[in-house]
Amino acid sequence: DAGVTQSPTHLIKTRGQHVTLRCSPISGHKSVSWYQQVLGQGPQFIFQYYEKEERGRGNFPDRFSARQFPNYSSELNVNALLLGDSALYLCASSPAVGTAYEQYFGPGTRLTVT
Amino acid sequence: TQLLEQSPQFLSIQEGENLTVYCNSSSVFSSLQWYRQEPGEGPVLLVTVVTGGEVKKLKRLTFQFGDARKDSSLHITAAQPGDTGLYLCADNAGNMLTFGGGTRLMVKP
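Residues numbered from 1 in each chain as written. Chains lettered and ligands numbered in written order. Predicted model: local features only at pLDDT ≥ 70, side-chain atom pairs only at ≥ 80, totals over all residues. Heavy atoms only, no water.

Enquirer: Where do I start with the overall build of chain A in this structure?
Expert: Check the secondary structure of chain A and you find 0 helices and 11 strands. Ordered by position from N to C terminus, the α and β elements of chain A give β-β-β-β-β-β-β-β-β-β-β. Relative to the 2.2 N^0.38 estimate, which gives 13 Å for 114 residues, the radius of gyration of chain A is 13 Å and therefore close to what a compact globule would have. Based on the C-alpha atoms only, the size of chain A along its principal axes is roughly 40 × 25 × 25 Å. In chain A, buried positions account for 48% of the 114 residues. Contacts in chain A between residues at least 24 apart in sequence constitute 54% of all its contacts with a sequence separation of at least 6. When the accessible surface of chain A is split by element, carbon and sulfur atoms take 48% of a total near 5,500 Å². Computed over 10 positive and 8 negative side-chain charges, the inter-centroid distance for chain A is 7 Å. (Helix = DSSP H or I, 4+ residues; strand = E, 2+ residues; numbered from the N terminus. Rg over C-alpha atoms; globule rule 2.2 N^0.38 Å. Buried < 20%, exposed > 50% of the residue type's maximum accessible area, 1.4 Å probe, protein only. Contact = heavy atoms within 4.5 Å. Areas by Shrake-Rupley, 256 points an atom, 1.4 Å probe, with all protein chains shown as cover. Lys, Arg positive; Asp, Glu negative; His and termini not counted. Charge placed at Lys NZ, Arg CZ, Asp CG, Glu CD.)

Enquirer: Mind showing me how you'd approach the packing of aromatic side chains here?
Expert: For any pair of aromatic rings, geometry is given as the distance between the ring centres together with the angle between the planes. Tallied over the entire structure, the rule returns 10 aromatic pairs over all chains. Aromatic pair Trp-34 of chain B and Phe-63 of chain B: ring centres 6.5 Å apart, planes at 45°, arrangement tilted. You can see Trp-34 of chain B sitting in strand β4 (residues 32-37) and its partner Phe-63 of chain B sitting in strand β7 (residues 61-65), a full 29 residues away along the chain. An identical accessibility class is assigned to Trp-34 of chain B and Phe-63 of chain B; each is buried. Ring centres of Tyr-35 of chain B and Phe-99 of chain B lie 5.5 Å apart, and the angle between their planes is 55°; this geometry places the pair in the tilted category. Here Tyr-35 of chain B, found in strand β4, pairs with Phe-99 of chain B, found in strand β10 (residues 96-99); they are 64 residues apart in sequence, far enough to count as distant. Among the aromatic residues, those joined into a cluster by ring pairs are Tyr-35, Phe-45 and Phe-105 of chain A together with Tyr-35 and Phe-99 of chain B. (Phe/Tyr/Trp six-rings, centres within 6.5 Å; stacked < 30°, edge-to-face > 60°.)

Enquirer: Sorry if this is basic, but what is going on with the environment of Gly-101 of chain B here?
Expert: Counting through the fold element by element, Gly-101 of chain B comes out in the loop between β10 and β11 (103-108). Sequence separation of Gly-101 of chain B and Glu-54 of chain B is 47 residues, and the distance between their C-alpha atoms is 23 Å. Setting aside its immediate chain neighbours within four residues, Gly-101 of chain B contacts Gly-40, Gln-41 and Gly-42 of chain A together with Leu-4, Gln-6, Leu-86 and Leu-88 of chain B.

Enquirer: Would you mind going over the state of the cysteines with me for this structure?
Expert: A covalent bond between the sulfur atoms of two cysteines is referred to as a disulfide. Per the stated rule, a full pass over the model turns up 2 disulfides over all chains. At a sulfur-sulfur separation of 1.8 Å, the disulfide partner of Cys-23 of chain A is Cys-91 of chain A. Between Cys-23 of chain A and Cys-91 of chain A, the S-S dihedral sits near -60°, and the bridge is therefore left-handed. Of this pair, Cys-23 of chain A sits in strand β3 (residues 19-24) while Cys-91 of chain A is found in strand β9 (residues 87-94), placing the two residues 68 residues apart along the sequence. Residues Cys-23 of chain A and Cys-91 of chain A agree in their burial class; the two are buried. Sulfur-sulfur distance for the disulfide between Cys-23 of chain B and Cys-89 of chain B comes to 2.0 Å. Disulfide Cys-23 of chain B to Cys-89 of chain B: torsion about the S-S bond roughly 75°, handedness right-handed. With Cys-23 of chain B in strand β3 (residues 19-25) and Cys-89 of chain B in strand β9 (residues 85-93), the pair connects residues that are 66 residues apart, well separated along the chain. Of the two residues examined, Cys-23 of chain B and Cys-89 of chain B, each falls in the buried class. (Disulfide = S-S within 2.5 Å.)

Enquirer: Just checking my understanding: could you explain the pairing of β9 of chain A for this structure?
Expert: The two faces of the sheet receive side chains in turn, since in a regular strand these alternate between them. All names here are of chain A. Among the 8 residues that make up β9, 8 are buried, leaving the element largely enclosed by the rest of the structure. Burial along β9 is two-sided: the residues Ala-87, Tyr-89, Cys-91 and Ser-93 and Leu-88, Leu-90, Ala-92 and Ser-94 are all buried. Pairing between strand β4 (residues 31-37) and β9: 7 bridges, direction antiparallel. Along β9, the bridge assignment pairs Ser-31 with Ser-94. Across 3 bridges, β9 lies against strand β11 (residues 109-113) in antiparallel orientation. Among the inter-strand pairings, Ala-87 is bridged to a residue of β11, identified as Leu-111. Across 2 bridges, the pairing between β9 and strand β10 (residues 104-105) is antiparallel. (Pairing = 2+ DSSP bridges.)

Below, the structure is given as structure tokens:
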């Protein structure tokens, strides 16, 4: 079975531009979460979606938004890119929400903002 | 806001040596998890511990959870080059993970 897939693998954008990152969860998983990992740091929670509804949001500005589609795939959108948005963006899926469910991470999208 | 501190930040050792890395939280863990992340990949779950004082073993890896559920250690016996990676502790609260900064381990052959 395929794991969590993310696209694109790498992306270079200019300050002020907009970016869309995509994530396909493991088949049967209904929850998707997004994390930002700046170089040299641990991942930081951005969003959690379950059954197309936002279930949690981390401490990120409104420039960050996301949505989940009926097939449970998800998009993360970032507007007005800043240099500080350069990071590895990780998507994780799980069967449902709750501490009992393991999260499975994708390989990430490496975003560079110049 | 919960803060997780991991130490050391970097560790470089020879194959066959033993090592211990630490994770301390500013508040009680809901559910402590340890992950390993290799270059170009996402974190992979190693273990989940929930009970204070709990010790779990995974082959050469031993995970210990403090009695007060605010600290944890990961001990690796006879490290191998395949153990190289970033070791992350995290608190799993309702499926939303709060991560520490990680310990980057390099095991040289």
